[in-house]
Amino acid sequence: MLEIKNLYARIEDGAQILKGINLEIKPGEVHAIMGPNGAGKSTLSSVIAGKEDYEVTEGEILFQGENIIEDAPEERAHKGIFLSFQYPVEIPGVSVTNFIKAALNENRKANGLDEMSAKDMLGMIREKSEKLGIKKDFLSRSLNEGFSGGEKKRNEIFQMMMLNPKLAILDETDSGLDIDALRIVADGVNTFKNEGNAVLLITHYQRLLNYIQPDFVHVLANGRIIKTGDKSLALELEEKGYDWLLN
Ligand code: ADP
Ligand code: MG
Ligand code: MG
């Protein structure tokens, strides 16, 4: 699904942040990336999604066997890469529902598909929102306007479920989540994931991994993956912190 080879990236005209990342994600897998603040976790997710503030100076990002480094963020999204937004934008006057309808139809168009019928769209919105415990009045609110941290995250998970990407990258999904919202987000990810897709979960906190079982846990520090393990590594990090891994 995703293969990152010897990836180096820097901020446009600035410091080198990623310094030789290697990562392989297969269909059906959930990978968690943990690491100290400033390690480059968000930079990695941005670089995979193609955000233009960063420049890849070396290495490859293969998505379904194709190098995507030259692709614009929209093209990557159309190919099936989804990145949740750490600080989602507010769009007054555009409802949660209308935003996702437009995004979904744009995605379909880019893949040579017709617009979804209003009936099918409504059915899908109903199904996904019910799964996430999203109420009707939430769907008609202006996107992100006055949303609490939990509501923002719930909306991101709703967007993910609707767009049904092949690779979902969730960055710090647990920041600002109370325990109930955390559970809903985790349930959303668990409902979303299947043998044909993959999840890359970036988090500071072990807590989220009590609800989402990762197949692999990676520690990213100083722009490199310095350790990979299974979910027991997350528990070890919770207990011991990161210092024992850094020298
Ligand atoms: P993490 O998500 O692991 O906390 P980040 O990827 O956000 O780390 O940041 C890694 C380093 O790169 C930090 O030192 C951060 O200040 C710097 N950085 C990231 N993006 C930018 C940017 N657009 N402009 C300036 N510095 C940046
Ligand atoms: Mg950070
Ligand atoms: Mg970050």
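Residues numbered from 1 in each chain as written. Chains lettered and ligands numbered in written order. Predicted model: local features only at pLDDT ≥ 70, side-chain atom pairs only at ≥ 80, totals over all residues.

Let's shift gears to the sheet that holds strand β2 (residues 16-25). Strand order in this open sheet of four strands is β2-β1-β4-β5, and the pairing throughout is antiparallel. In this open sheet, the two edge strands, each paired with only one partner strand, are β2 and β5 (66-67). Strand direction decides the pairing type here: strand β1 (residues 2-11) and β2, joined by seven bridges, are antiparallel. Bridging from a neighbouring strand, Arg10 pairs with Gln16 of β2. (Pairing = 2+ DSSP bridges. Helix = DSSP H or I, 4+ residues; strand = E, 2+ residues; numbered from the N terminus.)

In the neighbourhood of ligand 1, the contacting residues comprise Ile11, Gly14, Ile17, Gly35, Asn37, Gly38, Ala39, Gly40, Lys41, Ser42, Thr43 and Asp53. In terms of residue count, the dominant contributor to the shell around ligand 1 is helix α1 (residues 41-49) (three residues). Classifying every residue of the shell around ligand 1 gives three nonpolar, seven polar and two charged. (Near = placed C-beta within 6 Å. Nonpolar A, V, L, I, M, F, W, Y, C, P; charged D, E, K, R; others polar.)

With that settled, consider the environment of Lys79. Position of Lys79 relative to the elements: it lies in helix α2 (residues 73-79). Taking the C-alpha atoms as reference points, Lys79 and Phe138, separated by 59 residues in sequence, lie 29 Å from one another.

Now for unusual backbone geometry. One non-glycine residue with positive phi stands out, namely Asn6, at about 45 degrees. Of note, Asn6 is situated in strand β1. One non-glycine residue, Asn222, lies in positive phi territory at about 50 degrees. Mapped onto the elements of the fold, Asn222 is located in the loop between β11 (216-221) and β12 (224-229). Residue classification places Asn222 among the partly exposed positions, given that 14 C-beta atoms sit within 10 Å. (Buried ≥ 20, exposed ≤ 12 C-beta atoms within 10 Å, placed from the backbone.)

Attention now goes to the sheet that holds strand β6 (residues 81-83). Read from one edge of the open sheet, six strands run β6-β9-β10-β3-β11-β12, paired in mixed fashion. Looking along the sheet, the strands with just one partner apiece sit at the ends: β6 and β12. For this sheet, the mean inter-axis angle between neighbouring strands, taken without regard to orientation, is 20 degrees. With four bridges joining them, strand β3 (residues 30-34) and β11 adopt parallel strand pairing. (Axes fitted to C-alpha atoms, helices over the stretch in contact; angles between N-to-C directions.)

So, about the packing of helix α3 (residues 96-110) against helix α6 (residues 149-163). Running from amino to carboxyl end, α3 crosses α6 at an angle of 35 degrees, the nearest separation of the two axes being 10 Å. When the axes of α3 and α6 are compared, the crossing they make is right-handed. Where α3 approaches α6, its residues Val96, Ile100, Ala103, Leu104 and Asn107 are matched on the opposing element by Asn155, Gln159, Met162 and Leu163. Tallied by class, the residues present in the contact of α3 with α6 amount to six nonpolar, three polar and no charged. (Left-handed = near helix turned anticlockwise from the far one by under 90°. Contact = placed C-beta atoms within 7 Å.)

On average, residues of the protein score 90 in pLDDT, and 96% of them reach the 70 mark or higher. Two summary scores accompany this predicted model of the complex, namely pTM at 0.92 and ipTM at 0.93. (pLDDT = per-residue confidence, 0-100.)

Looking now at helix α4 (residues 118-131). Its 14 residues place the ends of α4 20 Å apart at the C-alpha level, agreeing with the 20 Å of an ideal helix rising 1.5 Å per residue. Within α4, the full set of buried residues consists of Ile125, Lys128 and Ser129. The buried residues of α4 all sit within an arc of 95 degrees when viewed along its axis, so they share a single face. For α4, the exposed residues lying more than 90 degrees away from the buried face are Lys119, Asp120, Gly123, Glu127 and Glu130. Contacts made by the buried residues of α4 are with α3, α5 (136-139) and α6. Just downstream of α4, Gly133 is the residue with a positive phi angle, here 65 degrees. (Expected span 1.5 Å × (residues − 1). Arc of directions from axis to C-beta.)

Let's shift gears to the pairing of β3. The buried fraction of β3 is high, at five of five residues. Judged by which residues are buried, β3 turns out to be covered on both faces: Val30, Ala32 and Met34 on one side and His31 and Ile33 on the other are all buried. Across four bridges, β3 lies against strand β10 (residues 198-202) in parallel orientation. In the sheet register, His31 faces β10, and the bridge partner there is Leu200.

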